[in-house]
Amino acid sequence: MLCGWRSSRRRPEEPLVSAQVAASVALSSPPAPPDGSTKRPGLRALKKMAERAMVERDRELRSIWGQIKEVFVEAVVSELDLEGLGCLTEDEDVRAMMRGSRFCKIRSRTWQKERLYRLQEDGMSVWFQRRIPHPPSQHIFSVQHIEAVREGHQSEGLRRFGGAFAPACCFTITFKGRRKNLDLAAPTAEEAQRWVRGLAKLRARIDAMSQRERLDHWIHSYLHRADSDQDSKMSFKEIKSLLRMVNVDMNDMYAYRLFKECDHSNNERLEEAEVEEFLRRLLKRPELEEIFHRYSGEDRVLSASELLEFLEDQAEDGATLAHARQLIQTYELNETAKQHELMTLDGFMMYLLSPEGAALDPAHTCVFQDMGQPLAHYFISSSHNTYLTDSQIGGPSSTEAYVRAFAQGCRCVELDCWEGPGGEPVIYHGHTFTSKILFRDVVQAVRDHAFTLSPYPVILSLENHCGLEQQAAMAHHLRTILGDMLVTQALDSQTPEELPSPEQLKGRVLVKGKKDQEEEEGEEEEEEEAEAAERRRAKQVSPELSALAVYCCATRLRGLRPTRAQPCQVSSLSERKAKKLIREAGNSFVKHNARQLTRIYPLGLRMNSANYSPQEMWNSGCQLVALNFQTPGYEMDLNAGRFLVNGQCGYILKPACLRQPDTTFDPECPGPPRTALTIQVLTAQQLPKLNAEKQSSIVDPLVRVEIHGVPADCARKETDYVLNNGFNPRWGQTLRFQLRAPELVLVRFVVEDYDTTSPNDFVGQFTLPLNSLRQGYRHIHLLSKDGASLSPATLFVHIRIECS
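Here the residue numbers are simple positions, counted from 1 along each chain's written sequence. In keeping with the model being predicted, local features are shown solely for residues with a pLDDT of at least 70 and side-chain atom pairs are shown and tallied solely at 80 or more, while totals for entire chains, interfaces and linings include all residues. Values shown for side chains rest on all heavy atoms present in the structure; no hydrogens or waters enter the calculation.

Okay, the overall build of the chain next. Of the regular secondary structure elements, the chain holds 24 helices and 31 strands. Taking all contacts inside the chain whose residues are at least 6 apart in sequence as the whole, residues at least 24 apart take part in 70%. Secondary structure elements are taken from DSSP: a helix is a run of H or I of four residues or more, a strand is a run of E of two residues or more, and numbering for both begins at the N terminus. Whether two residues are in contact is decided by their heavy atoms, any of which lying within 4.5 Å being enough.

Structure, rendered in structure tokens:
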């Protein structure tokens, strides 16, 4: 049952199009009896004939939910069906995946077990066998959470432990968030290829799905689970089970009344059309209908000029009659309405749920900023202890951590280099129990993965603890493995007066390291004496490695006087020292960061690899604000939100007040309020269950809006909670904020499950810059703690931004 359910049909009594359009569509007459008799049908037969006629009318007037316009489908594999995943059951590769395959799962040299993997009927999840049975949700992974599928020995695990298997039989599934890679070996190369091809088709199809199609499949998967006897009919008990699954705790009397209103056959079971009617009533969006009818008038359709009026009230950029017509052609599902340049309620909902109707400005999802300014004029996505996948005390080190960082848009990664056996330097967190990886393996990972997402330069921040001999080995690996990617000399022969731009350094790798006898700020202020002594012994830098620090020469910050600034010098400061500078020399620190790079890193006391808030550092113009990418939390949400725009390329142009050499800006004294932000939180849709195994567990959601910016702007306000409804809770509450430095503000929308006796549980969030937040009625598409999509979960809000 890979096809989505069909619940988008409007009630028969609701007018769909104007009289002019409706007149062009004729209802089909019921067929005559096959024997040619004129026997008058009974009352029940007449009722069923009328129902069939109404269904036929709806089919002619309305395309099914999930039909997608051609503009969205160009990137989809040609054999995929445009109306859902249904036709993929005819695809040979997908059929093989649904039958299941036995693969060898490889974790180590000794842990290599045969496991069964099978694509589920929804076409969006894969079930897998485990030695010890777990709750059902822990035997499944979602196809939409897959980051990439790599063929052959293209992961650290398969390179180290997969030697017994032919590369053609092996593949690796990598996931978004913190989930570990899945390294698999198939019995034959053809079976491996079936899964590689099949997953590629499914991922392409899912990426092309509209929000409404995702909702289709989301509901259909729950229908399938709730139908306990799999007879395609739903008893009231099964309907109650369905409601609990989708996060609704509905009063039994109200639920039964709704059930009986849809039970036209009066047999205490809802059949296909009756189930669809029940779902249609459940999925009604009264708030959207009210907005639609406000602009459409009595004929219940939007003309192009009425849609234009809505767009103008939304403060939509480029709102013209031509644009309104283009939106109708793109999002309207009804072909007859489309021909008459009219938009029905369904088309209106499709538009508001699309990226064009979302809160994030779609023009900001590609590179739109000036990339020709000096590096010091950008915030640069930066990682601390990049090699770690867990805590900095005993967690494992892995080259895969670098691959994941690059997949998240990171442009500055850290390499803690120590003496290794056999003359080969290693990377790990020194004097701890973290595992070790070879320096050369990390450099190979940089070569292979640094520019898959972004073409702009990568900075390798070297924390060098090696002797001269292994430093020379490091320089050799950097030169031979990276080749022309590596910047080994200035772009012009003269000493630069300012740093080159990201545009000039596209596809290049910069080394941040010490020059001969230069003393850098220590990475850990709380380091033990042994570590300090080790650092003193390692002050010497080999000439081979020193020569590679061209534009990023690591230097101790000795003062903030402009005359001493050198554009190619980079200072590394702990979060504590940076906060002290911000408090005591706010404007001077901002001016310093307008000319040269500054890197900030977490305190060494954060043993569990916790993060600090990066916003305070960005307020002062610090470019390389390094965080532990392996640790989710609001700090990483802010980092993801900051770098969400500009094509997620890892570079964000700083506001003008942080780039001007003579700026007077001080984040501690930003001046009076300049902008008023008003957010009306209206509704939420299809919030995820926090305890998937416990049907009675229903969330009590509340929404919090957080403002992150200069200290005077930081604020958080929240709605009341809605009891026992994560499916379609309504608030209608307004939150207001006054902002002094709006160009630095990040807005974070958070949904939590209210709890009276313990801290609220996180449900989902979305963070974005205020400058990329659009006004009007908008949907917020929620993300998980790991940054993965929670589709179809959304918030529906109204946003107003007023500048004084």
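Let's pick the thread back up.
Attention shifts here to the packing of aromatic side chains. Aromatic pairs are defined between Phe, Tyr and Trp rings, using the six-membered ring for Trp, whenever the two ring centres lie within 6.5 Å; interplanar angles under 30 degrees are classed as stacked, those over 60 as edge-to-face, and all others as tilted. Scanning the model with the defined rule gives 20 aromatic pairs in all. Note on phenylalanine 141 and phenylalanine 175: the rings are 5.2 Å apart at their centroids and 75° apart in plane angle, and the pair reads as edge-to-face. Placement of phenylalanine 141 in strand β4 (residues 140-142) and of phenylalanine 175 in strand β6 (residues 170-175) is noted, with a sequence separation of 34 residues between them. Summarising the burial analysis for this pair, phenylalanine 141 and phenylalanine 175 share the class buried. The cut-offs for exposure are 20% and 50% of the maximum accessible area for each residue type, with area from a 1.4 Å probe on protein chains only; residues under the lower value are buried, those over the upper are exposed, and the others partly exposed.

Mapping cysteine 410 onto the fold places it in the loop between α16 (400-407) and β14 (412-418). In this structure cysteine 410 comes out as buried when scored by relative accessible area, which is 0%. Along the backbone, cysteine 410 and leucine 453 are 43 residues apart, and their C-alpha atoms lie at a distance of 9.4 Å. Non-local contacts of cysteine 410, meaning those with residues more than four positions away in its chain, are made with Ser381, Ser382, Ser383, Ala405 and Phe629.

Once that is clear, we can look at the pairing of strand β31 (residues 789-803). When you tally the buried positions in β31, you get 11 out of 15 residues, the bulk of the element. Strand pairing is assigned whenever DSSP detects at least two bridges linking the two strands. Note that strand β24 (residues 675-685) and β31 share 10 bridges and pair antiparallel. Its bridge partner being in β31, threonine 678 is matched across the sheet by arginine 800. Where strand β30 (residues 776-783) and β31 come together, seven bridges link them in antiparallel fashion. Considered in β31, the bridge of leucine 783 is made with serine 789. In sequence, β30 turns back onto β31 through a hairpin of five residues, with glycine 787 there showing a positive phi of about 90°.

Looking only at helix α4 (residues 92-99), the buried set comprises Asp93, Val94, Ala96 and Met97. The buried residues of α4 occupy an angular sector of 155° when the element is viewed end-on, so they sit on one face. The backbone nitrogen of aspartate 93 has a side-chain oxygen 2.9 Å away, supplied by the residue at the start of α4, namely aspartate 91. A positive backbone phi angle near 100° is found at glycine 100, which sits one or two residues after α4. This arc corresponds to the set of directions leading from the helix axis out to the C-beta atoms. By the criterion applied in these results, polar contacts are pairs of N or O atoms within 3.5 Å in which, for protein atoms, one can donate a hydrogen and the other can accept it, and in which residues neighboring in sequence qualify only through two side-chain atoms.

Each patch is built from residues lacking any salt bridge and having more than 30% relative accessible area; the joining distance is 9 Å for like charges and 5 Å for nonpolar side chains (Val, Leu, Ile, Met, Phe, Trp, Tyr). To be clear on the numbers: accessible area is Shrake-Rupley with a 1.4 Å probe, and residue cover counts the displayed protein chains and nothing else. Basic side-chain nitrogens of Lys or Arg form a salt bridge, by our definition, when they fall within 4 Å of a carboxyl oxygen of Asp or Glu. In this tally, Lys and Arg are treated as positive and Asp and Glu as negative; His is ignored, and so are the chain termini. Charge positions come from single atoms, namely NZ of Lys, CZ of Arg, CG of Asp or CD of Glu. Together, Arg107, Arg130, Arg179 and Lys180 make up a positively charged patch on the protein surface. Within the secondary structure, arginine 107 sits in the loop between β1 (101-106) and β2 (112-119).

Before going further, it helps to examine the pattern of salt bridges. One pass over the structure, following the stated rule, counts 35 salt bridges. Residue glutamate 190 is joined to arginine 194 by a salt bridge in which the shortest nitrogen-to-oxygen separation is 3.9 Å. Of this pair, glutamate 190 and arginine 194 both sit in helix α6 (residues 189-208), four residues apart, which is roughly one turn of that helix. Between glutamate 743 and arginine 674 there is a salt bridge, with its nearest N and O atoms 2.8 Å apart. Residue glutamate 743 is located in the loop between β27 (730-739) and β28 (746-753), and its partner arginine 674 is located in the loop between β23 (651-653) and β24; the two are separated by 69 residues in the primary sequence. Using a relative accessible area of 23% as the deciding quantity, one classes glutamate 743 as partly exposed. Among the charged side chains, a network of salt bridges with common partners joins Asp91, Glu92, Asp93, Glu190, Arg194, Arg197 and Lys201.

Okay, the nonpolar core next. In this structure, Leu415, Leu478, Leu677, Val747 and Leu795 are the most contacted members of the largest nonpolar core, which totals 94 residues. Here this core takes six residues from β31, the largest share from any one element. Definition of nonpolar core: a set of buried residues of the types Ala, Val, Leu, Ile, Met, Phe, Trp, Tyr and Cys, connected through side-chain atoms within 4.5 Å.

Considering the arrangement of structural elements, one finds threonine 631 in the loop between β22 (624-627) and α24 (634-642). Looking at threonine 631, the relative accessible area reads 18%, which means it is buried. Within the structure, the side chain of threonine 631 is placed 2.7 Å from the backbone oxygen of serine 609, a separation counted as a polar contact. Among residues more than four places away in sequence, those in contact with threonine 631 are Asn608, Ser609, Ala610, Asn611 and Met636.

Axis separation between helix α12 (residues 304-313) and helix α13 (residues 321-331) bottoms out at 8 Å; the angle between their running directions is 105°. Of the possible angle classes, the one that applies to α12 and α13 is roughly perpendicular. Seen from α12, the contacting residues are Ala304, Ser305, Leu307, Leu308 and Leu311; seen from α13, they are Leu321, His323, Ala324, Arg325, Leu327 and Ile328. Tallied by class, the residues present in the contact of α12 with α13 amount to eight nonpolar, two polar and one charged. To get an axis, a line is fitted to the C-alpha atoms, and for a helix only the part in contact is used. The angle between two axes follows their N-to-C directions and goes from 0 to 180 degrees. Note that the term roughly parallel is reserved for angles under 35 degrees, roughly antiparallel for angles over 145, roughly perpendicular for angles of 65 to 115, and oblique for everything else. When residues are grouped by polarity, Ala, Val, Leu, Ile, Met, Phe, Trp, Tyr, Cys and Pro land in nonpolar, Asp, Glu, Lys and Arg in charged, and all others, Gly among them, in polar.

Turning to the confidence of the model for the chain, a few remarks are in order. Confidence of the prediction at every residue is given by pLDDT, a number between 0 and 100. For the chain, per-residue confidence averages 84 on the pLDDT scale, and residues scoring 70 or more make up 83% of the total. Confidence drops under a pLDDT of 50 for residues 1-41, and excluding neighbours within four residues, the segment shows 93 contacts in the predicted structure.

This part covers the side chain of glutamate 706. Within the secondary structure, glutamate 706 sits in strand β25 (residues 701-708). In this structure glutamate 706 comes out as buried when scored by relative accessible area, which is 1%. Reaching out from glutamate 706, the side chain makes a polar contact with the side chain of histidine 708 at a distance of 2.9 Å. A polar atom in the side chain of glutamate 706 sits 3.4 Å from the side chain of arginine 716. Ignoring sequence-local partners within four residues, the contact set of glutamate 706 consists of Ala715, Arg716, Leu746, Val747, Arg748 and Val750.

The next subject is empty space enclosed by the protein. To find leftover empty space, a probe the size of one water molecule is rolled over the atoms. Only protein atoms enter the calculation, which uses a 1 Å grid: trapped sets of points that fit a 1.4 Å probe without letting it out are cavities, open sets showing protein on both sides within 12 Å along at least five of seven lines are pockets, and any residue with an atom within 4 Å of a point is a lining residue. Grid points are joined across faces, edges and corners, and a volume is the space filled by probe spheres set on the points. Using the criterion set out here, one finds four cavities of 30 Å³ or more in the structure. Sorting the residues of the lining of the second largest cavity by element identifies β17 (458-464) and β18 (509-513) as the ones contributing at least two each. The element best represented in the lining of the second largest cavity is β17, accounting for three residues. Classifying every residue of the lining of the second largest cavity gives five nonpolar, two polar and three charged.

Let us look at the sheet that holds β4. Strand order in the open sheet made by the seven strands is β4-β3-β2-β1-β7-β6-β5, with antiparallel pairing throughout. Edge positions in the sheet fall to β4 and β5 (146-151), since each has one partner strand and no second. Looking at each pair of strands side by side, their axes are set apart by 35° on average, direction ignored. Alignment of strand β3 (residues 125-128) against β4, held across three bridges, turns out to be antiparallel. Residue pairing for β4: tryptophan 127 is matched across the bridge by isoleucine 140. Along the sheet, α4 makes contact with β1 and β2, crossing β2 at roughly 120°. Packed on one face of the sheet, α6 meets β1, β2, β3, β5 and β6 and runs near 150° to β5.

Now for the environment of glycine 513. With respect to the helices, strands and loops of the structure, glycine 513 is situated in strand β18. Along the backbone, glycine 513 and alanine 547 are 34 residues apart, and their C-alpha atoms lie at a distance of 9.6 Å. With residues near it in sequence (within four places) discarded, glycine 513 still touches Ala549, Cys552, Cys553 and Ala554.

Across the interface, α16 lies against helix α17 (residues 439-449) with an axial gap of 9 Å and an inter-helix angle of 30°. By the criterion of interaxial angle, the relationship of α16 to α17 is roughly parallel. As α16 packs across α17, the resulting crossing turns out to be right-handed. Every residue of α17 that contacts α16 at Tyr402, Val403 and Phe406 is listed here: Val442, Ala445, Val446 and His449. Here a crossing is called left-handed whenever its near helix is offset anticlockwise from the far helix by less than a right angle, and right-handed whenever the offset is clockwise.

This paragraph deals with unusual backbone geometry. Cis peptide bonds are those with omega within 30 degrees of zero, and the linkage from serine 791 to proline 792 qualifies with 15°. Among the secondary structure elements, proline 792 is positioned in strand β31. Despite not being glycine, alanine 315 has its phi angle at roughly 60°, a positive value. Residue placement: alanine 315 occurs in the loop between α12 and α13. Although it is not a glycine, glutamine 686 adopts a positive phi angle of roughly 50°. Taking relative accessible area as the criterion, glutamine 686 reaches 8% and is therefore assigned buried.

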